[in-house]
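Chain residues, written in single-letter form:
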Amino acid sequence: MHAIAAVALAVFLVVTGVMHFLAPGYFGMLVPAWLRRERLLVAVTGTAEVVVGALVLVPGSRPAGGWAAVVLIACYLVSHVDALRRARPDRPRLLERPVGAVARLVVNVLYIAWAGAVAGSAA
């Protein structure tokens with residue numbers, strides 16, 4: 001079971017990382033405006049996700065990869081908290097409404113827990 005969770009996390013990270021390059025506009029809209037340099041941040045985080053996913057995939061580097069995933073995903077909390085701060089019920093997109101922003105935040109916390117479980121079980 002632990003190996004399945006680790007491989008699933010690795011695939012999730014690699015696919016999401018690749019998507020940063022295939023759909024940069026979507027990921028760019030998730031970057032808070034005050035951070036600026038959204039293209040650079042999208043490229044850096046996409047690359048980081050692919051590298052971290054590869055680390056999680058290889059059993060020997062899985063503990064380090066799992067903890068790196070925890071840190072990387074935790075960094076995304078900045079974006080999700082900012083989205084929650086700016087959320088309004090009248091926004092056209094669900095992710096820009098309070099319910100969508102809360103869902104993003106909760107899902108992100110679950111990803112952190114998943115990565116932590118993989119890291120802990122691999123050690």
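As a starting point, this report considers the structure included with it. Quantities reported herein were computed from a predicted structural model and do not represent experimental measurements. (Residues numbered from 1 in each chain as written. Predicted model: local features only at pLDDT ≥ 70, side-chain atom pairs only at ≥ 80, totals over all residues. Heavy atoms only, no water.)

## Quick word on the overall build of the chain
Each helix and strand in the chain was counted, giving six helices and zero strands. The helix and strand sequence of the chain, counted from the amino end, reads α-α-α-α-α-α. In summary, the chain has a C-alpha radius of gyration of 15 Å against a globular reference of 14 Å for 123 residues, a match within 12%. The C-alpha extent of the chain, read off along each of the three principal axes, is 45 × 25 × 20 Å. Within the chain, residue pairs in contact and separated by at least 24 positions form 65% of the contacts whose partners lie at least 6 positions apart. Of the roughly 7100 Å² of accessible surface on the chain, 75% is carried by carbon and sulfur atoms. When the 11 basic and 5 acidic side-chain charges of the chain are each reduced to a single mean position, those positions are 2 Å apart. (Helix = DSSP H or I, 4+ residues; strand = E, 2+ residues; numbered from the N terminus. Rg over C-alpha atoms; globule rule 2.2 N^0.38 Å. Contact = heavy atoms within 4.5 Å. Areas by Shrake-Rupley, 256 points an atom, 1.4 Å probe, with all protein chains shown as cover. Lys, Arg positive; Asp, Glu negative; His and termini not counted. Charge placed at Lys NZ, Arg CZ, Asp CG, Glu CD.)

## Observations concerning helix α1 (residues 2-22)
Here α1 is 21 residues long and its end C-alpha atoms lie 30 Å apart, about the 30 Å a rise of 1.5 Å per residue gives. Every buried residue of α1 is accounted for by Ala6, Leu9, Ala10, Leu13, Thr16, Gly17 and His20. Taken around the axis of α1, the buried residues stretch over an arc of 135°, which confines them to a single face. Looking at α1, the residues exposed on the side facing more than 90 degrees away from the buried face are Ile4 and Leu22. Buried residues in α1 make contact with α2 (24-29), α3 (38-57), α4 (62-75) and α6 (98-122). (Expected span 1.5 Å × (residues − 1). Buried < 20%, exposed > 50% of the residue type's maximum accessible area, 1.4 Å probe, protein only. Arc of directions from axis to C-beta.)

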